[in-house]
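# Fold and geometry: a report
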Amino acid sequence: MLLEWRQADWKPDEVTKMGLRFESVPDGTRITIEHDEWGSLLGDRRGELAGWFAGEVAAPLFQAMGPTRFGDWLTDRRARRPSGAQARAGYRDPVYHRPNFKVILKALSLTPSDFLLEVGCGGGALLQEALRSGCRAAAVDHSPEMVKLAQEVNHDAIRQRRLEVREAEADQLPFPNGKFTCAALTNVFGFLPDPHAVLVEIRRVLAKEGRLVLFTVSPEMRGTIAAPEPMASRIHFYKDEELMKLTREAGFADVRVERPNLEPFAREAGVPEEHIQAFSGRDGQLTIGLKT
Ligand SMILES: C[S@@+](CC[C@H](N)C(=O)[O-])C[C@H]1O[C@@H](n2cnc3c(N)ncnc32)[C@H](O)[C@@H]1O
């Protein structure tokens, strides 16, 4: 890559050249920056300017363009802590997540006497469906933009004091012991750095006989349309046995993992016909537990 910088239009012959050379080396790519012909305009401070360019321009550019940084940025923006107009539009009506919502709601079979907690609620679309049962609910998310969207999408329920949505971390729930009759999580568990702490915290805020329903994407789905890169490399995928072990270790009883066929739920949710096939396997994991 060669950049040429003409410093002043009244001195057209003064050209600064900047070359970037990329070479394949074992374990990566070596990038060499070469400066040439700084020209008389810059006097004798060439070394300083070369340092400025390398440190202030080239290094941050390469850091930002590196696959790791870019992958982290994209994962945060799209899923791990969503932000931006595209995320807000997607989570307002996450049609491809609705089959999971329907499976969760079937497992919970909510009634007006339920008090549901959702952890990692995104734009509040599952809450919106859950509240149709007449239950009360509360939810947390650590993305300020998702909290705002979930509040907006569910403003009627908030006004009627049937719902509160708060910005909080999953392992520090701002609720007292034993407040909820059930808890749901979907598409969030794989991002949690300390899943044990989160399950213990959820158990704390559940009442006796409180039900936990946790939807995750199975390891078989890593790298598919359900869990594409760069997100897939940043999600922890759990085997069924690992989910059961974690849930039991957090103190839940009657723990089981189901592998529901999502296809009928995808049809019911209005997933476009050409994408129904992607829901026909048993690749979603539904972990169910009870606080005794
Ligand atoms: C992939 S989105 C799923 C959103 C929603 N559950 C859905 O299925 O549409 C994951 C959500 O979990 C939230 N989240 C991730 N880690 C969290 C944590 N440690 N505490 C609270 N929220 C978290 C993110 O901000 C994001 O809104």
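Preceding block: the structure.
Described below are features of the structure shown in this document. (Residues numbered from 1 in each chain as written. Predicted model: local features only at pLDDT ≥ 70, side-chain atom pairs only at ≥ 80, totals over all residues.)

Turning next to the overall build of the protein chain. For the protein chain, the count of helices and strands is ten helices and ten strands. Taking 2.2 N^0.38 as the reference for a compact globule, 292 residues should give roughly 19 Å; the C-alpha atoms of the protein chain span a radius of gyration of 25 Å, well beyond that estimate. Across its three principal directions, the C-alpha atoms of the protein chain cover 80 × 45 × 40 Å. Going through the 292 residues of the protein chain one by one, you find that 33% of them count as buried. (Helix = DSSP H or I, 4+ residues; strand = E, 2+ residues; numbered from the N terminus. Rg over C-alpha atoms; globule rule 2.2 N^0.38 Å. Buried ≥ 20, exposed ≤ 12 C-beta atoms within 10 Å, placed from the backbone.)

Across the sheet, which stays open at both edges, the seven strands sit in the order S6-S5-S4-S7-S8-S10-S9 with mixed pairing between neighbours. Edge positions in the open sheet fall to strand S6 (163-167) and strand S9 (253-258), since each of these has one partner strand only. In this sheet, adjacent strand axes meet at a mean angle of 15 degrees when their direction is disregarded. Bridge count between strand S4 (residues 115-119) and strand S5 (residues 136-141): five bridges; the pairing is parallel. Bridge assignment links Val119 to a residue of S5, and that residue is Val140. Packed onto the sheet, helix H4 (residues 98-108) meets strand S7 (180-186), strand S8 (206-217) and strand S10 (284-290) and runs at close to 155 degrees relative to S8. Lying over the sheet, helix H6 (residues 144-153) contacts S5 and S6, oriented at roughly 170 degrees with respect to S6. (Pairing = 2+ DSSP bridges. Axes fitted to C-alpha atoms, helices over the stretch in contact; angles between N-to-C directions. Contact = placed C-beta atoms within 7 Å.)

We now examine the packing of helix H8 (residues 195-205) against helix H9 (residues 240-249). At a minimum axis separation of 9 Å, H8 and H9 run at an interaxial angle of 50 degrees. Comparing the axis directions of H8 and H9 gives the class oblique. The interaxial crossing formed by H8 with H9 has right-handed handedness. Residue-level inspection shows Pro195, His196 and Leu199 of H8 in contact with H9, the latter providing Leu246, Thr247 and Glu249. Class assignment of the residues belonging to the contact of H8 with H9 gives a composition of three nonpolar, two polar and one charged. (Parallel < 35°, antiparallel > 145°, perpendicular 65-115°, else oblique. Left-handed = near helix turned anticlockwise from the far one by under 90°. Nonpolar A, V, L, I, M, F, W, Y, C, P; charged D, E, K, R; others polar.)

A few words now on H6. Among all positions of H6, only Glu145, Met146, Val147, Leu149, Ala150 and Val153 are buried. Residues of H6 that are buried sit in contact with helix H3 (85-92), helix H5 (125-130), S5 and S6.

Right, let's get into the sheet that holds strand S2 (residues 15-25). Taken in spatial order, the three strands make up an open sheet running S1-S2-S3, and their pairing is antiparallel. Looking at strand neighbours, the two that pair on one side only are strand S1 (2-6) and strand S3 (28-36), the edges of this open sheet. Sheet twist, expressed as the average angle between the axes of neighbouring strands with direction ignored, equals 15 degrees. In this sheet, S2 lies alongside S1 in antiparallel orientation, the contact comprising five bridges. Each bridged residue has a counterpart across the sheet, and for Glu4 the counterpart in S2 is Lys17.

What follows concerns the environment of Leu20. Here Leu20 shows up in strand S2. By the C-beta count within 10 Å, which is 14 here, Leu20 ends up partly exposed. Spatially, the C-alpha atoms of Leu20 and Ala58 are 9.4 Å apart, while their sequence positions differ by 38 residues. Look past the residues within four positions of Leu20 in its chain and what remains in contact with it is Met1, Ile31 and Ile33.

Core analysis: the biggest nonpolar cluster contains 59 residues, and Leu116, Leu127, Ala137, Ala139, Ala150, Ala183 and Ala184 have the highest contact counts within it. With residues near it in sequence (within four places) discarded, Ala139 still touches Leu117, Glu118, Cys121, Gly124, Leu127, Ala150 and Val165. Grouped together as the second largest cluster of nonpolar side chains are five residues, Val217, Ala226, Ala227 and Ile235 included. (Core = buried A, V, L, I, M, F, W, Y, C linked by C-beta atoms within 7 Å.)

Our next topic: the packing of H3 against H6. Two measures define how a pair of helices packs: the angle their axes make with one another and the distance between the axes. The geometry of H3 relative to H6 is characterised by a closest axis approach of 10 Å and an angle of 40 degrees between their N-to-C directions. Between H3 and H6, the crossing angle belongs to the class labelled oblique. Read as a crossing pair, H3 and H6 show a hand that is right-handed. Of the residues in H6, those in contact with Ala87, Arg88, Tyr91 and Arg92 of H3 are Glu145, Met146, Leu149 and Val153. Of the residues in the contact of H3 with H6, the class split is five nonpolar, no polar and three charged.

To continue, consider the site of the ligand. With respect to spatial proximity, 23 residues lie near the ligand, and among them Gly120, Gly122, His142, Ser143 and Ala170 are the closest. The set of elements that each furnish at least two residues to the shell around the ligand consists of helix H2 (67-80) and S5. Broken down by class, the residue content of the shell around the ligand amounts to twelve nonpolar, seven polar and four charged. (Near = placed C-beta within 6 Å.)

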